[in-house]
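Survey of secondary and tertiary structure
For reference, the chains in residue letters:
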Amino acid sequence: VHLVESGGGLAQPGGSLRLSCAASGFTFSSYAMSWARQAPGKGLEWVAGIKTDGRESGYADSVKGRFAISRDNAKNTLYLQMNSLKPEDTALYYCAKANRAYMKFTTTLDEYDYWGQGTQVTVSS
């Protein structure tokens, strides 16, 4: 299993970024996926999750209405569109694979068994 995030960088407050996560080594369409983040000096925080077919997703209250998770099962790729970025969104962002096929996404990070290396998002003027 291999997960590789990309798309991070520096954005101004109010700006946008789109993160991608390229997956390989497993049947991507059979697993729920999530994004999580870790801000400097803080613990890992679940951000958003999406079901196998992409028809259902969920968000942490801190990003609801600003972030959108999606997936392209034909391309084995997970996305996170981040709009209206705030300085408090600054963090290392990770994608993660659920540990059981066809389970719904969960906010419990222990139920994800593979993680990417992360991509840094910095929001600053």
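Below is a summary of the structure that appears in this document. (Residues numbered from 1 in each chain as written. Predicted model: local features only at pLDDT ≥ 70, side-chain atom pairs only at ≥ 80, totals over all residues. Heavy atoms only, no water.)

1. Topic: the pattern of salt bridges
Per the counting criterion, the structure on display carries 7 salt bridges. In this structure, Lys 97 engages Asp 113 in a salt bridge whose closest nitrogen and oxygen atoms are separated by 3.1 Å. Of the two residues, Lys 97 sits in strand S9 (residues 91-98) while Asp 113 sits in strand S10 (residues 112-115), which places them 16 residues apart along the sequence. A relative accessible area of 4% places Lys 97 in the buried class. Judged by relative accessible area, Asp 113 falls into the partly exposed class, the value being 35%. With its nearest N and O atoms 3.6 Å apart, the salt bridge here joins Arg 100 to Glu 111. Of this pair, Arg 100 sits in the loop between S9 and S10 while Glu 111 sits in the loop between S9 and S10; the two residues are 11 residues apart in sequence, bridging distant segments of the chain. Overall, Arg 100 belongs to the partly exposed group, its relative accessible area being 45%. Residues joined by salt bridges that share partners form a network here, namely Arg 37, Glu 45, Arg 66 and Asp 89. (Salt bridge = Lys/Arg side-chain N within 4 Å of Asp/Glu carboxyl O. Helix = DSSP H or I, 4+ residues; strand = E, 2+ residues; numbered from the N terminus. Buried < 20%, exposed > 50% of the residue type's maximum accessible area, 1.4 Å probe, protein only.)

By themselves, these observations are geometric and do not establish any function.
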